[in-house]
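# Structural features, examined
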Amino acid sequence: VSRQRPNFFYHIHPPTIPAREARFQYTFGLGGISLFLFLVLVLTGVFEMFVYIPTPEGAIASIREITYVAPYGWLLRNMHFWAGQLMVGTVALHMARVVFSGGYKGRRANWLIGLALLVLTLFLDFTGYVLRWDQDTGWALLVGTNLLQAIPGIGPALYRFVAGGQRIGAPTLLRFYTWHVFGLALLAFILIGWHIFRVRRDGGISTQGQGPRLSREQLVRTELVAAMLTLAALVGLSLVADAPLGPPADATALVDEPQAPWFFLWVQELLRVASPLVAGILVPLGVLLALAALPYTLDRNDVGTGRWFNRPGRVAQVAFLVLVLGILMLILRAVLR
Amino acid sequence: MSVARLVTRFTEGKRDGAARAGRRQFLAWLARGTLAGAGAIVVGQVLRFLSYQPASENTTIIALGQPEDYPPGVHYVRAAQTYLGRDTEGWYALDAVCTHLGCLVEPAKDGLFSCPCHGSYFHGDGRVKTGPATKPLRHLYLWVDQDGLLTVDRTREVSSTVRLLL
């Protein structure tokens, strides 16, 4: 352990971390990679804000300017897009790692903060998707906001609050822009800080016992390597695959196959068979509640903390797997349709 | 300790310890109450600001064009998001907005309409054939305006049997 006064950034971690659980093969670095992707998103997003114009007339034109005219704009936009897509994946996998290795045992409050961050990630992705204001995102926005009308009582008021009026238009785009770049981003920033603080306060990564410990300097070095590899993968992906941009949104044009963003395709699939209130509101809320309840109901036993596929958590692990596989199957069905 | 007793103790101004403690407690209570009240007022006004709605500028009355432009059959009129139909009985206007979640329905085989978002099917007269939609497509009020143009009002719904005779 270093004798020097620790550098500011080291304070993100406690002075020592359980060595076994700090290994990449245990966590796969998923939480850290998600944080890194969030930082990339903030940075590339702020750059995009220098050119992007949040109006129905300006949106696509300014995105084309970013993509085709501004030097390196295409790379910037691709990186922002792919970091957003990847973050949904890494956050979900991070959650799966925590369930399967009993990481939430004894620190259930942080599990709830993590769930809130999952929801924020999805909302940030959805609001960002809407900012394209092209054909696909236009229909996703229309369906998504019309779903709110199905909520009994507060539905119409909630719709007007989200849409900024009786129907979709320029105020809607401005509100989504504000939520995307400020409201949701700030909330995510605060919750990420709290999430990481709770991990530190609880002594670092969940551990099964009194094994050898590692200094935080060593962990930070590993994290820097993981960040560099993630950055390399992100740039690589952005070089070969372009972020989509369709024709401008037009509320009067007939469209063959309007599709929700991929992480909401399972909801779109459910909407084909169940009422909007059930499929669009109650089921997603139920999934969230079920996830929130896991460490409070099926996996209350603290035995097995930090052990992959620990026996006391088996029921919760299977329930989680069934839930996630169900969602993935629905997404797959929508993709193959 | 009740508020009335706190006030009494405060105003009597006894110099003993109990009265001083009571006075301190009362002041603390007063300070918290004032802050909470002020906070509630601010939050309330912020909510009022956030629920402000700019006036809507949408026109719901839309001209579709000259009747001669539309031969018998069903035509999609983009400006009005409406299917203008002409059958043996007369003219009618069918709202293209799906009653499920608002996508635009498309003409399908056998004179049906299908919704591309969630797969509802409607009969040519707007009745639901298969869900998830539960309500029929709306028939809109259709008339000929003073310039001789077919015109719909998107806010006025009529029965599916109503026809405009020209």
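## As for the overall build of chain A
If you tally the helices and strands in chain A, you get 13 helices and two strands. The C-alpha atoms of chain A give a radius of gyration of 21 Å, which matches the 20 Å a tight globule of 337 residues would have. Seen through its C-alpha atoms, chain A measures out along the principal axes to roughly 65 × 45 × 35 Å. Counting the 337 residues in chain A, one finds 47% classified as buried. Expressed as a percentage of contacts within chain A between residues at least 6 apart in sequence, the contacts between residues at least 24 apart total 78%. Approximately 17,300 Å² of chain A is accessible, and the part contributed by carbon and sulfur atoms is 70%.

## Quick word on the interface of chain A and chain B
Facing the 24 residues of chain A at the interface are 22 residues of chain B. Considering only the surface of chain A that becomes buried against chain B, A:Thr252, A:Leu254 and A:Arg272 emerge as the three largest contributors, covering 29% of it. Linking chain A with chain B are three residue pairs in polar contact (both at pLDDT 80 or more), by the criterion used here. Within the residue set of the side of chain A that touches chain B, elements represented by two or more residues are helix H7 (135-148), helix H8 (155-163) and helix H11 (265-271) of chain A. Per-element accounting of the side of chain A that touches chain B gives the leading share, five residues, to H7(A). Here the side of chain A that touches chain B is built from residues that sort into 13 nonpolar, five polar and six charged.

## Things to note about the side chain of A:Arg107
All names here are of chain A. Within the element layout of this structure, arginine 107 appears in the loop between helix H5 (73-100) and helix H6 (108-130). With relative accessibility at 13%, the residue arginine 107 sits in the buried group. Reaching out from arginine 107, the side chain makes a polar contact with the backbone oxygen of aspartate 202 at a distance of 3.0 Å. Non-local contacts of arginine 107, meaning those with residues more than four positions away in its chain, are made with Val199, Asp202, Gly204, Ile205 and Ser206.

## Quick look at the side chain of B:Thr151
All names here are of chain B. Within the secondary structure, threonine 151 sits in strand E10 (residues 150-158). On the basis of relative accessibility, which here comes to 3%, the residue threonine 151 falls in the buried class. A distance of 3.0 Å separates a polar side-chain atom of threonine 151 from the backbone oxygen of leucine 149. Contacts of threonine 151, omitting those with residues within four sequence positions, involve Ile61, Ile62, Ala63, Leu64, Tyr141, Leu142, Trp143 and Asp145.

## Observations regarding the pairing of strand E2 (residues 73-77) of chain B
All names here are of chain B. Here E2 pairs with strand E3 (residues 82-86) via five bridges, running antiparallel. Of the residues in E3, the one forming a bridge with histidine 75 is leucine 84. What sits between E2 and E3 in their antiparallel hairpin is a turn of four residues, with glutamine 81 showing a positive phi close to 50 degrees.

## A closer look at the state of the cysteines
All names here are of chain B. Tallied over the full model, the rule gives one disulfide over all chains. Not part of a disulfide, cysteine 98 finds its nearest cysteine sulfur in cysteine 115, a span of 3.7 Å. Taking relative accessible area as the criterion, cysteine 98 reaches 4% and is therefore assigned buried.

## Observations regarding the packing of aromatic side chains
The full count for this structure, using the stated rule, is 18 aromatic pairs over all chains. Ring geometry for A:Phe81 against A:Trp82: centres 4.9 Å apart, planes inclined by 80 degrees, an arrangement best described as edge-to-face. Plain terms: the ring middles of B:Tyr141 and B:Trp143 are 5.3 Å apart, the flat faces sit at 25 degrees to each other, and that makes the pair stacked. Through successive ring pairs, a cluster of aromatic residues spans A:Phe24, A:Tyr26, A:Phe28, A:Phe100, A:Trp308, A:Phe309 and A:Phe320.

## What to know about the pattern of salt bridges
Tallied over the entire structure, the rule returns 12 salt bridges over all chains. The residue B:Asp95 makes a salt bridge to B:Arg154 at a minimum N-O spacing of 3.1 Å. Residue B:Asp95 is located in strand E4 (residues 91-95), and its partner B:Arg154 is located in strand E10; the two are separated by 59 residues in the primary sequence. Residue B:Arg154 is classed as buried on the basis of its relative accessible area of 16%. One network of salt bridges, with partners in common, ties together A:Glu269, A:Arg272, A:Arg333 and A:Arg337.

## With respect to the confidence of the model for chain B
Residues and elements named next belong to chain B. Taken residue by residue, chain B gives an average pLDDT of 85. The fraction at 70 or more is 91%. Across chain B, the element-wise mean pLDDT spans from 66 in helix H1 (residues 3-12) up to 92 in strand E7 (residues 121-122). With a pTM of 0.87, the predicted complex shows an ipTM of 0.75.

## Digging into the sheet that holds E7(B)
All names here are of chain B. Strand order in the open sheet formed by four strands is E5-E6-E7-E8, and the pairing between neighbours is antiparallel. Every interior strand has two partners, whereas the edge strands, strand E5 (106-107) and strand E8 (128-130), have only one. Of the pairings in the sheet, the one linking strand E6 (residues 113-114) to E7 comprises two bridges and is antiparallel in character. What sits directly across from phenylalanine 113, in E7, is phenylalanine 122.

## Some thoughts on the nonpolar core
Core analysis: the largest hydrophobic core is formed by 87 residues, its most contacted members being A:Tyr52, A:Trp111, A:Trp266, A:Leu294, A:Phe320 and B:Val105. Here the element with the most residues in this core is H5(A); it accounts for 13 residues. For B:Val105, the contacting residues outside a window of four places in its chain are A:Leu254, B:Tyr83, B:Ala96, B:Cys98, B:Phe113, B:Ser114, B:Cys115, B:Pro116, B:Phe122 and B:Leu137. Listed in part, the 13 residues of the second largest apolar core include B:Ile62, B:Trp91, B:Leu142 and B:Leu164.

Rules behind the numbers
Residues numbered from 1 in each chain as written. Chains lettered and ligands numbered in written order. Predicted model: local features only at pLDDT ≥ 70, side-chain atom pairs only at ≥ 80, totals over all residues. Heavy atoms only, no water. Helix = DSSP H or I, 4+ residues; strand = E, 2+ residues; numbered from the N terminus. Rg over C-alpha atoms; globule rule 2.2 N^0.38 Å. Buried < 20%, exposed > 50% of the residue type's maximum accessible area, 1.4 Å probe, protein only. Contact = heavy atoms within 4.5 Å. Areas by Shrake-Rupley, 256 points an atom, 1.4 Å probe, with all protein chains shown as cover. Buried area = accessible area lost by both parts, 1.4 Å probe. Polar contact = N/O pair within 3.5 Å; in protein donor to acceptor, adjacent residues only side chain to side chain. Nonpolar A, V, L, I, M, F, W, Y, C, P; charged D, E, K, R; others polar. Pairing = 2+ DSSP bridges. Disulfide = S-S within 2.5 Å. Phe/Tyr/Trp six-rings, centres within 6.5 Å; stacked < 30°, edge-to-face > 60°. Salt bridge = Lys/Arg side-chain N within 4 Å of Asp/Glu carboxyl O. pLDDT = per-residue confidence, 0-100. Core = buried A, V, L, I, M, F, W, Y, C linked by side-chain atoms within 4.5 Å.

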